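Residue-level structural notes
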Amino acid sequence: MKNSFLTLSFWVGFFAATIRVATPLILATLGETFSERSGILNLGIEGTMLFGAFAGFITVYLTKSLWLGVLFATLSGLMFGLLMAFLVVTLGLNQHVSGLGITIFASGLAYYLYRAIIGAPTVPPTIKSFSNIAIPLLSKIPVLGPVLFNQTIITYIALIAVPIAGYLIFKTNFGLSLRSVGENPEAADAVGVNVYKIRYLSMIIAGSLMGLSGAFFTLAEFNMFLYDIVGGRGWVSIALVIFANWVPARVLWGALLFGGIDAIGLRMQGTPINVPFQVYLMLPYILTIIVLVIGARNASYPSALLKPYRRE
Amino acid sequence: MSLISIKLEKRTAPPVWFQVLTPVIAIVISLGISAIFLLILGKNPFTAFYYMFYGAIGTKFAFLEMLVKATPLILTGIAVAIAFTAKYWNIGAEGQLYAGALAATWFGLMNLPLSPVIYISLEILVGFLAGAIWSVVPGYLKAELKVDDVVTTLLMNYIMIYIVSALLNGPWRNPVTMYPSSIAISKNAFFPKLVPQSRLHIGFLVAIIAVLLMYFIVRKTKLGFEIRATGANPRAANFLGINTTKSIIIVSIISGGIAGLAGVSELCGVQYHLIQTISPGYGYSGIVIAMLGRLNPIGVFLSAIYFAIVITGANVMSYSLNIPPYISDVIQGITLIVMLAMLLLFEYRIKVGRSK
């Protein structure tokens with residue numbers, strides 16, 4: 001046991017776990033990046049993810065189709081994205097409070113519907129979750145293969161989503177509009193960008209990614225729906241956006257760093273070092289605060305963040 | 001793509017009756033929306049809401065139990081309201097409540113040879129300090145280093161709940177039952193009852209004092225003026241010579257301390273021993289309560305009473321009508337959103353049309 005740190009299989013397991021734990025963070029943080037790039041802080045993230053976890057689970061539980069589960073989780077996220085957009089874009093309400101309202105509402109609704117459909121059995125029902133897919137050839141590469149190319153489909157989607165998000169934000173007309181709306185909506189409007197439409201679109205993308213992120217918990221990481229299954233990962237994502245300076249490629253590194261700390265905790269629990277396991281569980285949150293403190297100085301927030309836009 | 005556009009026209013200050021009526025209308029609208037979620041389960045919303053209100057205030061016993069529930073809600077509501085007045089986004093009342101309960105447990109387990117009056121006073125002091133210390137960390141980070149307060153206060157909740165979990169599963173675990181809960185604190189630290197044969201304890205008085213204190217501080221003192229100015233317009237406040245950094249730090253101390261009192265009150269007044277579930281989200285409910293009460297101390301008091309009715313009533317709906325008790329969270333979320341939308345009517349007249 002003591003020598004386990006030195007074995008290759010320990011490290012392969014550790015890095016594979018890091019990427020697995022990072023998956024929902026990558027998706028949710030990319031979502032929040034779209035949202036904030038358009039000028040909207042979406043604190044509905046935690047509840048949207050929790051509802052996505054519920055929607056994915058209950059769909060698979062009722063239909064036995066994992067892909068329908070992914071679809072409905074994503075759609076539920078899209079709906080909450082639209083609701084958030086209506087509140088803060090159309091009505092121009094306070095973004096902090098609207099987002100928290102959505103989180104309280106979405107979480108409450110998820111638990112409410114779960115209890116109504118499933119009841120309160122002593123053992124929660126399970127589904128058959130996504131299994132790992134070993135990509136032919138690539139998964140045979142030593143070390144890298146089992147770490148990167150033997151994951152669930154949602155992890156692959158998350159990894160592919162990073163460059164796509166980067167491309168969308170920095171290389172397309174939509175991305176240009178998105179960034180201009182988040183920096184200076186008046187100027188964007190003046191050159192013919194429909195501020196409301198761009199913000200609605202970004203909230204749709206953001207919500208969908210958050211819903212999909214939630215589905216990872218119930219359809220890949222676990223095979224059941226549990227109370228507080230998201231466990232603050234949405235809030236961590238808000239911090240990771242700042243850490244990543246609103247750049248998708250850096251989202252990946254932030255999520256992997258957090259995932260790594262989480263994975264260390266999971267691994268250390270089995271070692272004889274006499275520390276309560278809760279200490280490992282709180283490590284990622286402490287790290288996130290430290291990262292925020294370091295990053296706060298250089299963070300270049302989108303200038304229009306938190307500011308509603310009202311066309312005169 | 002044609003979106004519905006809603007045009008807003010600035011209006012002058014709305015009349016007082018309008019301001020008082022707004023939360024009432026918000027409650028009615030949000031109950032109406034919540035009724036949809038009762039209907040999809042095939043429940044009659046009128047029956048359900050009748051059970052909710054009757055179950056919470058229909059008998060003297062139920063009414064007193066409702067006040068027991070209202071006690072921590074008033075405190076967390078006041079804690080959040082003070083913070084939001086300065087636009088310090090303290091979402092950490094939940095963790096600060098646990099910090100207060102943790103410190104009160106630590107102090108109560110010492111079984112010091114003190115008279116009840118002194119022991120209880122010190123418990124209140126210790127709990128206030130613990131909540132304040134847990135809150136001043138993000139407060140300082142926000143004020144001095146511009147670190148986002150929403151995220152840090154939220155993350156601190158998770159850290160505190162793990163600390164409590166580590167203690168309850170480690171040194172404080174009940175050695176007889178082996179359950180993850182502490183043994184009872186000193187009897188001399190128990191809050192006395194306000195009404196015999198009920199669970200209503202002096203924590204309710206502490207909550208009322210907090211309401212009056214907030215009213216006094218925010219409305220009648222220089223500090224209160226500085227807090228309001230910091231919230232309304234930090235740049236102008238700076239221009240007036242107000243140290244907004246200091247204001248934020250002081251607000252975080254007061255806010256966290258009051259949230260800590262909610263923990264002391266639950267520990268010494270209701271549970272007497274620390275359990276992991278000492279708060280089923282009172283800290284988060286505090287946000288809804290503060291907003292529905294429009295950050296006004298009396299408003300916060302009334303809206304805490306309303307949500308105590310919703311929460312106790314939801315339990316009655318649960319066992320009488322088999323409606324999941326989480327309906328209270330659904331109602332809270334909807335009320336928060338509806339109230340926020342209603343506040344728009346304070347500033348603007350609304351015209352609905354179609355955009356291009």
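No experiment lies behind these values; they were computed from the predicted model shown.

Rules and cut-offs
- Residues numbered from 1 in each chain as written.
- Chains lettered and ligands numbered in written order.
- Predicted model: local features only at pLDDT ≥ 70, side-chain atom pairs only at ≥ 80, totals over all residues.
- Helix = DSSP H or I, 4+ residues; strand = E, 2+ residues; numbered from the N terminus.
- Rg over C-alpha atoms; globule rule 2.2 N^0.38 Å.
- Buried ≥ 20, exposed ≤ 12 C-beta atoms within 10 Å, placed from the backbone.
- Axes fitted to C-alpha atoms, helices over the stretch in contact; angles between N-to-C directions.
- Parallel < 35°, antiparallel > 145°, perpendicular 65-115°, else oblique.
- Left-handed = near helix turned anticlockwise from the far one by under 90°.
- Contact = placed C-beta atoms within 7 Å.
- Nonpolar A, V, L, I, M, F, W, Y, C, P; charged D, E, K, R; others polar.
- Core = buried A, V, L, I, M, F, W, Y, C linked by C-beta atoms within 7 Å.
- Expected span 1.5 Å × (residues − 1).
- Bend = angle between axes of the 7 residues up to and from the residue.

Okay, the overall build of chain B next. In terms of helices and strands, chain B carries 13 helices and 2 strands. Against the 2.2 N^0.38 benchmark of 21 Å for 356 residues, chain B shows a C-alpha radius of gyration of 21 Å, consistent with a compact globule. The principal-axis extents of the C-alpha atoms in chain B amount to approximately 70 × 60 × 40 Å. Looking at chain B as a whole, 51% of its 356 residues are labelled buried.

Here we come to the packing of helix H12 (residues 297–321) of chain B against helix H13 (residues 327–347) of chain B. For any two helices packed against each other, one specifies the inter-axial angle together with the distance between the axes. Residue and element names in this part refer to chain B. Their axes nearest at 8 Å, the elements H12 and H13 cross at an angle of 150°. Regarding the angle of H12 to H13, the classification is roughly antiparallel. Seen from above, H12 lies across H13 with right-handed handedness. Facing H12, whose interface residues are Phe 307, Val 310, Ile 311, Ala 314 and Met 317, H13 presents Ile 327, Ser 328, Ile 331 and Gln 332. Residue composition of the contact of H12 with H13, grouped by class: 7 nonpolar, 2 polar and no charged.

The partner chain A presents 40 residues to the 42 residues of chain B that form the contact. Elements represented by at least two residues in the side of chain B that touches chain A include exactly strand S1 (4–10), helix H5 (116–145), helix H6 (149–169), helix H11 (282–292) and H13 of chain B. Taken together, the residues of the side of chain B that touches chain A break down into 33 nonpolar, 6 polar and 3 charged.

Moving on, we come to the nonpolar core. Core analysis: the largest hydrophobic core is formed by 210 residues, its most contacted members being A:Phe54, A:Leu240, B:Ile74, B:Leu75, B:Ile78 and B:Ala210. Sort the elements by how many residues they give to this core and helix H9 (residues 195–221) of chain A lands first, with 16 residues. Discounting chain neighbours no more than four positions away, the residues touching A:Phe54 are A:Ala110, A:Leu113, A:Tyr114 and A:Phe225.

Quick look at unusual backbone geometry now. Of note, A:Lys64 is a non-glycine position whose phi angle comes to about 65°, a positive value. Structurally, A:Lys64 can be placed in the loop between helix H2 (45–63) and helix H3 (66–90). The phi torsion at B:Met178 lies on the positive side, around 65°, for a residue other than glycine. For B:Met178, the location among the structural elements is in the loop between H6 and helix H7 (203–220).

Here H5(B) is 30 residues long and its end C-alpha atoms lie 43 Å apart, about the 44 Å a rise of 1.5 Å per residue gives. Maximal helix bending in H5(B) amounts to about 30°, located at B:Val136; proline B:Pro138 follows within four positions.

Everything listed here is a matter of geometry and, on its own, says nothing about what the molecule does.
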